[in-house]
Amino acid sequence: MVISNEAKDLENQLRSYSKRADSYENAEAQEAALKVIPIREIQETSLEALRGELKDLDDESRELVARCPGAALKKSLLRWFKENFFEWVDTLDCLGCGKKTHRVA
């Protein structure tokens, strides 16, 4: 059986993705992340958001939301990450002289 280069490339890519996914199972990394993430606050925020969403929905939509309660938690976690944890940086100051740096190619 001859395996094409495309198939080999795909296999290598899948192996790479699998290794990356395995890294998320690292107990030490998870523990470190949970020390930083205000999980109780995020859970409370997601419950409030879920309650607000449910009261404005029809019965069929409520049933759909009830089947996926983790969606509200994921939204709240993402919102916390984007608004409170992560900070965009346009340019960094040079560690040597303190002046603004600029991108080179």
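Scroll up to find the structure.
Bear in mind that the values here come from a model prediction, so they are computed numbers and not experimental data. (Residues numbered from 1 in each chain as written. Predicted model: local features only at pLDDT ≥ 70, side-chain atom pairs only at ≥ 80, totals over all residues. Heavy atoms only, no water.)

Chemist: Can you explain helix α5 (residues 70-85)? Please cite residues and give values.
Modeler: It helps to recall that an α-helix has 3.6 residues per turn; residues three or four apart then point in one direction. Turning to α5, its buried residues number three or more, namely Ala72, Ser76 and Trp80. An end-on view of α5 places all buried positions within 75° of arc, on one side of the element. For α5, exposure combined with an orientation more than 90 degrees from the buried face picks out Lys74 and Lys82. Those residues of α5 hidden inside the fold are in contact with α2 (27-36) and α3 (39-55). (Buried < 20%, exposed > 50% of the residue type's maximum accessible area, 1.4 Å probe, protein only. Helix = DSSP H or I, 4+ residues; strand = E, 2+ residues; numbered from the N terminus. Arc of directions from axis to C-beta. Contact = heavy atoms within 4.5 Å.)

Chemist: Give me the lowdown on the packing of α3 against α5, citing residues and values where you can.
Modeler: Two elements in contact, α3 and α5, have axes whose closest approach is 8 Å; the angle formed by their N-to-C orientations is 125°. With respect to their mutual orientation, α3 and α5 come out oblique. You can see that α3 and α5 cross each other, and the crossing is right-handed. Where α3 approaches α5, its residues Ile42, Gln43, Thr45, Ser46, Leu50 and Glu53 are matched on the opposing element by Ala72, Leu73, Lys75, Ser76, Leu77 and Trp80. Looking at the contact of α3 with α5 residue by residue, the class counts come to six nonpolar, four polar and two charged. (Axes fitted to C-alpha atoms, helices over the stretch in contact; angles between N-to-C directions. Parallel < 35°, antiparallel > 145°, perpendicular 65-115°, else oblique. Left-handed = near helix turned anticlockwise from the far one by under 90°. Nonpolar A, V, L, I, M, F, W, Y, C, P; charged D, E, K, R; others polar.)

Chemist: Help me get a handle on the pattern of salt bridges, residues and values and all.
Modeler: Within the structure shown, the criterion is met by three salt bridges. Among the salt bridges present, the one from Lys35 reaches Glu31, with a minimum N-O distance of 3.9 Å. Linking Lys35 with Glu31, this pair stays in helix α2, spanning four residues, or about one helical turn. Judged by relative accessible area, Lys35 falls into the exposed class, the value being 67%. (Salt bridge = Lys/Arg side-chain N within 4 Å of Asp/Glu carboxyl O.)

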